[in-house]
Amino acid sequence: MGCGAASHGAVRVPPGPRGGAAGASQRAGLQREVPSNCIKTSKYNIITFLPVNLFEQFQEVANTYFLFLLILQLIPQISSLSWFTTIVPLVLVLTITAVKDATDDYFRHKSDNQVNNRQSQVLISGVLRQEQWMNVRVGDIIKLENNQFVAADLLLLSSSEPHGLCYIETAELDGETNMKVRQAIPVTSELGDTSKLARFDGEVICEPPNNKLDKFGGTLYWKESKYPLSNQNMLLRGCVLRNTEWCFGLVVFAGPDTKLMQNSGRTKFKRTSIDRLMNTLVLWIFGFLVCMGVILAIGNAIWEHEVGVCFQIYLPWDEGVHSAFFSGFLSFWSYIIILNTVVPISLYVSVEVIRLGHSYFINWDKKMYCAKRRTPAEARTTTLNEELGQVEYIFSDKTGTLTQNIMVFSKCSVNGHSYGDVQDVLGHKAELGERPEPVDFSFNPLADPRFQFWDPSLLEAIKLGDPHVHEFFRLLSLCHTVMSEEKNEGELYYKAQSPDEGALVTAARNFGFVFRSRTPKTITVHELGRAITYQLLAILDFNNIRKRMSVIVRSPEGKIRLYCKGADTILLERLHPINQDLTNVTTDHLNEYAGEGLRTLVLAYKDLEESYYEEWSERLHQASSAHEAREDRLAQLYDEVEHDMMLLGATAIEDKLQQGVPETIAILTLANIKIWVLTGDKQETAVNIGYSCKMLTDDMTEVFVVTGHTVLEVREELRKAREKMMDASHSTSNGFSYQEKLSSSKLTSVLEAIAGEYALVINGHSLAHALEADMEVEFLETACACKAVICCRVTPLQKAQVVELVKKYKKAVTLAIGDGANDVSMIKTAHIGVGISGQEGIQAVLASDYSFSQFKFLQRLLLVHGRWSYLRMCKFLCYFFYKNFAFTMVHFWFGFFCGFSAQTVYDQYFITLYNIVYTSLPVLAMGVFDQDVPEQRSMEYPKLYEPGQLNLLFNKREFFICIAQGIYTSVLMFFIPYGVFADATRDDGAQLADYQSFAVTVATSLVIVVSVQIGLDTGFWTAINHFFIWGSLAAYFAILFAMHSNGLFQMFPNQFRFVGNAQNTLAQPTVWLTIALTTVVCIMPVVAFRFLKLDLKPELSDTVRYTQLVRKKQKTQHRCMRRAGRVGSRRSGYAFSHQEGFGELIMSGKNMRLSSLALSSFTARPSTGWIETLRKKKGSDSSTAGSPSSAASKTLKV
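Computed from a prediction, not measured in an experiment: that's the story for all the values here. (Residues numbered from 1 in each chain as written. Predicted model: local features only at pLDDT ≥ 70, side-chain atom pairs only at ≥ 80, totals over all residues. Heavy atoms only, no water.)

**Student:** Which residues make up the overall build of the protein, and what are the values?
**Tutor:** In terms of regular secondary structure, the protein is built from 42 helices and 34 strands. In the form shown here, the protein has an accessible surface area of approximately 53,800 Å², with 58% of it arising from carbon and sulfur atoms. (Helix = DSSP H or I, 4+ residues; strand = E, 2+ residues; numbered from the N terminus. Areas by Shrake-Rupley, 256 points an atom, 1.4 Å probe, with all protein chains shown as cover.)

Okay, here's the thing in structure tokens:
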């Protein structure tokens, strides 16, 4: 019912059923307030939403800037525009963002309420009562039933199963869907009814709340005795009770103190490179705005001093203005208000809308939907879409990501004899495609019908009674933590913690050694039809440091034996020296299996003397009861008993590649994306999978393997690898020595100079040294020069460290992809995290930014969705800045002709509606729907992806080009109508020039020019594009005529005074000729430049589009020729039209690689072209490189 802090950071949990005497007396002595079990992930409530949300929104510099402008506009002396010109866009932006935040928080509230209001049975005053989860408190005893979620972190007291066992699923905690077993300590396992539990008055002293899911240390004090507690006695919040009718638990940690909530720390907020660039550009624009304000303010002061003073009689200064200098000061603020639209307030909202659209396209993509698992692709964030088009490094897990994580027992080595090769009828090793019938297991009624094995000699050895083979499978049936469930007689279902373990136990089952059931102290196995129960004395469990697992059992004859299985690197060094010859043979088999890409384990045993075991067991009990260094003391005892073992053999399990992995890696490599595999598997297995995936090929110049055990060895191996690469590329180094290149400010210049294809394979112990501060740069330089990198035997922490290293030193976008809980740190560290919803649960998916079910979908995510998102966002930003500068700079030029009086060119309603109505929807449509080439071409030609990696489509150079075009447009927009109106007359001979007619002409020209410009920028027309572009133009004219109508004047005479102005102005042919001239002069240079660029220096996408048009024409002509040459017979000639079909070629995927390779070769011919040049220049801070060279683009002419 409460807890108090004991000394040394421990926590005291004095339980007692709520309402009992024990609980009441203990609550009085609490030393600290214990949190309730109520959880809260929401940010707001009804009262705090408005103030807190507005405070958060005004953290954005742009929003604060516009609030400042609004305040300025409320000052009459400097306001030249009505306040609504700023408040309408600002309120719109704040409202849209607030609605989005409120919606997100509503769903968080809904989720919180759903969890907090779940029902739980709590023991109160000796009676079980229904309580909401939020009302559960530390010290409560609660009852769980089968398939219920655990409400808080509980100490398991008792259960319906014998010996206080219960089974749980921990998918929500660690992503693993396999069942795990937990056990109550024997002293409480008999507390099965509420009357006994009501009298329970023990006290728990344990560790303080922490986020370690696999560790718990504590002691139960009860009846003047103390009992050690470990993680095996705990049920953590988020777990689900399975295959257990009921259990009782004592609440130790509640609410935010639970390990689940301790692990749900805030994910690091990820921003794209375009976001960071936009913030910089907005600051630059603001600086430019201030400069314009200063220029016009100086102009105002000079004009008022030299000219304005002469007109004081009928143009007096405003009240409070007594000098030209002060007039200039006020004019500065007035112009800041007028010119504020160069800093676009709607930019950020528009960007979010576009990203949301891109995310929905990913979610709706049927080609990324896995029908087998009914799993669609999911964009779990909306902020990173365009960065998917800029990825340079992919860090991938192997098991479950590149492979299926469905394990199959494939081969084994027993007493020096290898089994598992497929043999023909003569007993020779069969070739591929000559596979005979699988082994017949019909003799075994308990065999799993899905299991297949192809070597009958192993079953013959079983039937002949080979003692080594029997002991081999006996070990597999005993040494594991698998749970067995028998729904019907003979129908066994295994629940394993890992697919590997399930495959091994299933293999033993089929070969006659059937694991049938277990209790905490026994394991029952049917050995060739005979039921034998072994006494389970100890389980020495697996962890990432030990990399092995052992059990100690007593046979019915009384013999005590330790069975052990584990990684070869660990187990082989723990064998008795007498095994040396057998070890050499088994090692050869292990290398052979690993060379085939199989996952291997070594099996060994050891007989123990009764006296030694009794003494060792006593020391084990003392170590497990220790408060300090418990884990270390247990590890020492485990290590002591697991020595001088006898070798039995080895197993080899096949983890098949996922469909489409080699083709995907080949195409991503052609897109100049470097793929690094980070795996916990052994080196040989990982290398073989690398070859299977086509990451490693026989055509590579060299594959470097780093296996050093010391810092000096690793440094030397890396140095030799670099020397070999540099020696091989001396011919292309243009006379520069390696040292000269190394002194360059960037690593890239060195790496780009290396010719040939290399790969690097490094082991976990070597990687630990390579990641040290004094060697990390050498390691990175060597690795980045390689086409492929494979890191073996790595820990989850090392995976994250490798990703962080590349992020730290390379200006490149990184993507991490994995499927298990061990990949979470890597996924969170990378710029983009992708989770595979596979066999290992959902932990990786929950931590990811994007998720789908198969690795092959990564190709489509990057080359189609990523590339399009980047292209669309870049085109959107270029056009957005262009249209805003074209709109705003007209005021600047007008300032020189109006005495710098802060008079606006446009009507104030036009200023308000320009960004909200007239130009917002067309640019959004382009940002959401545009594409340069169809999706098939994006996949066919991976080289199209490279401009995103080099950040070519939107950078500082492109920004200045857009600004220059906008300024050029504004100059023509102002001076052409100004020049025409100076001498123009109306049809009736009256002077045409007046302020309102000029404003209507300039505004109409502007809307038409920017509409034509977006028409030119749009590469992919949809009905929505047409509707938005021409609809916006129609809306402009409709609003224009409405605002100058007699009806509005009569309703609001003070606001709409210029009745009929638009109708009169636009009725003049001169005005339309002026608008047409302005449009042509503004647009023609753009059209001419793009035409010349397309003809002289086309980009790769231009060339691909051209070939597509040519193909269409050829198909049409071919169809016409066939139609013309058709004769009367309808008999098909298809069957005889070719000698050999392409079915096998298509199924193999080779033809798809050919199209990609064709493109890569066609772009590689002029390898000194624009992309290669820019890639070399990227190392220097210039992200802007030259335009495409003609050499790289005259290809593909058909």
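Resuming the write-up.
**Student:** Give a detailed account of the sheet that holds strand 14 (residues 246-253), specifying residues and quantitative values.
**Tutor:** Judged by pairing direction, the sheet is antiparallel, and its 6 strands sit side by side in the order 4-3-5-14-6-12 without closing on themselves. Of all the strands in the sheet, the pair left with one neighbour each is strand 4 (127-132) and strand 12 (234-235). Here 2 bridges tie strand 6 (residues 153-159) to strand 12, and the two strands are oriented antiparallel to one another. From the neighbouring strand, L155 faces strand 12, where its bridge partner is M234. (Pairing = 2+ DSSP bridges.)

**Student:** Which residues make up the side chain of R793, and what values do they have?
**Tutor:** With respect to the helices and strands, the residue R793 is situated in the loop between strand 31 (788-791) and helix 25 (796-809). Judged by relative accessible area, which is 18%, R793 ranks as buried. Within polar-contact distance, the side chain of R793 engages the side chain of D568 at 3.3 Å. The contact partners of R793, leaving out residues within four places of it in the chain, are K547, A567, D568, T569, T679, G680, D681, K682, N763, G764 and Q798. (Buried < 20%, exposed > 50% of the residue type's maximum accessible area, 1.4 Å probe, protein only. Polar contact = N/O pair within 3.5 Å; in protein donor to acceptor, adjacent residues only side chain to side chain. Contact = heavy atoms within 4.5 Å.)

**Student:** Talk me through the packing of aromatic side chains; I want residue IDs and the actual numbers.
**Tutor:** Using the criterion set out here, one finds 56 aromatic pairs in the structure. Where F441 meets F511, the ring centres are 5.2 Å apart and the plane angle is 90°; that geometry is what we call edge-to-face. A residue pair is termed long-range when its members are at least 10 positions apart, and F441 in the loop between strand 18 (417-419) and helix 11 (456-463) and F511 in the loop between helix 13 (499-510) and strand 21 (513-518) qualify at 70 residues. Judged by centre distance (5.9 Å) and plane angle (75°), the rings of F981 and F998 are edge-to-face. With F981 in helix 33 (residues 956-983) and F998 in helix 34 (residues 995-1017), this residue pair connects regions lying 17 residues apart in the sequence. The buried category is assigned to F981, whose relative accessible area is 3%. Judged by relative accessible area, F998 falls into the buried class, the value being 8%. An aromatic cluster of three or more residues is present, and its members are F892, W893, F894, F896, F897, F900, F974, F975, Y978, F981 and F998. A cation over a ring is seen here: K463 above F443, with NZ or CZ 5.0 Å from the ring centre. Above the ring of Y494, the side-chain terminus of R509 is found at 5.3 Å from the ring centroid. (Phe/Tyr/Trp six-rings, centres within 6.5 Å; stacked < 30°, edge-to-face > 60°. Lys NZ or Arg CZ within 6 Å of the ring centre and 35° of its normal.)

**Student:** Explain the pattern of salt bridges residue by residue, including any values.
**Tutor:** Using the criterion set out here, one finds 46 salt bridges in the structure. The salt bridge involving E615 is made with R619; its shortest N-O contact spans 2.7 Å. Of this pair, E615 and R619 both sit in helix 16 (residues 610-625), 4 residues apart, which is roughly one turn of the helix. What makes E615 partly exposed here is its relative accessible area of 40%. The shortest N-O distance in the salt bridge between E946 and K943 comes to 3.0 Å. Accessibility classification places E946 together with K943 in one group, the buried group. A cluster of three or more residues bridged by salt bridges with shared partners is formed by R546, R548, E573, R574, D639 and E642. (Salt bridge = Lys/Arg side-chain N within 4 Å of Asp/Glu carboxyl O.)

**Student:** Explain the sheet that holds strand 7 (residues 165-169) to me, using residue names and the numbers behind them.
**Tutor:** Read from one edge of the open sheet, 3 strands run 8-7-13, paired in antiparallel fashion. Strands with a single pairing partner mark the edges of an open sheet, and in this sheet they are strand 8 (179-183) and strand 13 (240-242). For this sheet, the mean angle separating the axes of adjacent strands, direction not counted, is 45°. Pairing geometry for strand 7 and strand 8, over 5 bridges, is antiparallel. (Axes fitted to C-alpha atoms, helices over the stretch in contact; angles between N-to-C directions.)

**Student:** Explain the pairing of strand 19 (residues 483-488) to me, using residue names and the numbers behind them.
**Tutor:** Across 5 bridges, the pairing between strand 19 and strand 20 (residues 491-495) is antiparallel. Bridged to M483 within strand 20 is K495. Joining the antiparallel neighbours strand 19 and strand 20 is a turn of 2 residues, in which G490 adopts a positive phi near 85°.

**Student:** Any details on a nonpolar patch on the surface? Residues and values, ideally.
**Tutor:** A cluster of nonpolar residues, I295, F896, F897, F975 and Y978, forms a patch on the protein surface that exposes about 450 Å² of accessible area. Here F897 lies in the loop between helix 28 (857-895) and helix 29 (908-918). Look at F897 and you get partly exposed, because its relative accessible area is 39%. (Patch = residues over 30% accessible without salt bridge, like charges linked within 9 Å, V, L, I, M, F, W, Y side chains within 5 Å.)

**Student:** Pulling in residues and values, what's your account of the packing of helix 15 (residues 580-595) against helix 19 (residues 683-692)?
**Tutor:** Closest axis-to-axis distance for the helix 15/helix 19 pair is 7 Å, and the angle between their directions is 30°. As judged from the angle between their axes, helix 15 and helix 19 are roughly parallel. The residues of helix 19 that touch helix 15, namely those facing N591, A594 and G595, are E684, T685 and N688. In terms of residue class, the contact of helix 15 with helix 19 is built from 1 nonpolar, 4 polar and 1 charged. (Parallel < 35°, antiparallel > 145°, perpendicular 65-115°, else oblique. Nonpolar A, V, L, I, M, F, W, Y, C, P; charged D, E, K, R; others polar.)

**Student:** Please set out the nonpolar core residue by residue, giving values where relevant.
**Tutor:** Counting residues in hydrophobic clusters, the biggest one holds 97 residues, and the most contacted among them are L347, F876, L877, Y906, F910, F954 and L1006. Each residue touching L877, except ones within four places of it in the same chain, is listed here: I274, M278, L347, V351 and F954. Counting residues in hydrophobic clusters, the runner-up holds 48 residues, among them F451, V514, F515 and I523. (Core = buried A, V, L, I, M, F, W, Y, C linked by side-chain atoms within 4.5 Å.)

**Student:** How would you explain the pairing of strand 21 if you had to name every residue and give the values?
**Tutor:** With 5 of its 6 residues buried, strand 21 lies for the most part within the structure. The pairing of strand 21 with strand 22 (residues 522-527) spans 5 bridges and is antiparallel. Residue pairing in the sheet places F513 in a bridge with E527 of strand 22. Counted along the chain from strand 21 to the antiparallel partner strand 22, the turn is 3 residues long.

**Student:** Provide a residue-level description of the environment of F451, including the pertinent values.
**Tutor:** Along the chain, F451 falls in the loop between strand 18 and helix 11. You can call F451 buried: its relative accessible area is 11%. F451 sits 10 residues away from F441 along the chain, and the two C-alpha atoms are 9.2 Å apart. Excluding residues that lie within four positions of it along the chain, F451 makes contacts with F409, F441, T506, A507, N510 and F511.

**Student:** I'd love a proper account of the environment of Q130, names of residues and values included.
**Tutor:** By secondary structure assignment, the location of Q130 is in strand 4. Put simply, Q130 and K143 are 13 residues apart on the chain and 10.0 Å apart in space, counted from C-alpha to C-alpha. Aside from chain neighbours lying at most four places away, what touches Q130 is Q119, S120 and Q121.

**Student:** Summarise the confidence of the model for the protein; cite the residues concerned and give the values.
**Tutor:** For the protein, per-residue confidence averages 81 on the pLDDT scale, and residues scoring 70 or more make up 84% of the total. Note on residues 19-32: pLDDT under 50 across the span, and 18 contacts to partners over four residues away in sequence or across chains. Residue range residues 731-749 is modelled with pLDDT below 50. Its contacts to residues more than four positions away, or to other chains, number 25 contacts. (pLDDT = per-residue confidence, 0-100.)

**Student:** Can you lay out helix 25 for me, pointing to particular residues and giving the numbers?
**Tutor:** In this model, helix 25 (14 residues) spans 21 Å end to end at C-alpha, consistent with the 20 Å of a helix rising 1.5 Å per residue. For helix 25, the complete set of buried residues consists of Q798, K799, A800, V802, V803, L805 and V806. Looking at the packing, one finds that the buried side of helix 25 touches strand 16 (391-396), strand 28 (674-678), helix 23 (764-770), helix 24 (776-784), strand 32 (813-818) and helix 26 (824-829). (Expected span 1.5 Å × (residues − 1).)

**Student:** Give a description of unusual backbone geometry that names residues and reports values.
**Tutor:** Positive phi values are uncommon outside glycine, yet K694 reaches one of about 70°. One can find K694 in the loop between helix 19 and strand 29 (702-706). Phi at F900 is positive, roughly 50°, even though this residue is not glycine. Of note, F900 is situated in the loop between helix 28 and helix 29. With relative accessibility at 11%, the residue F900 sits in the buried group.

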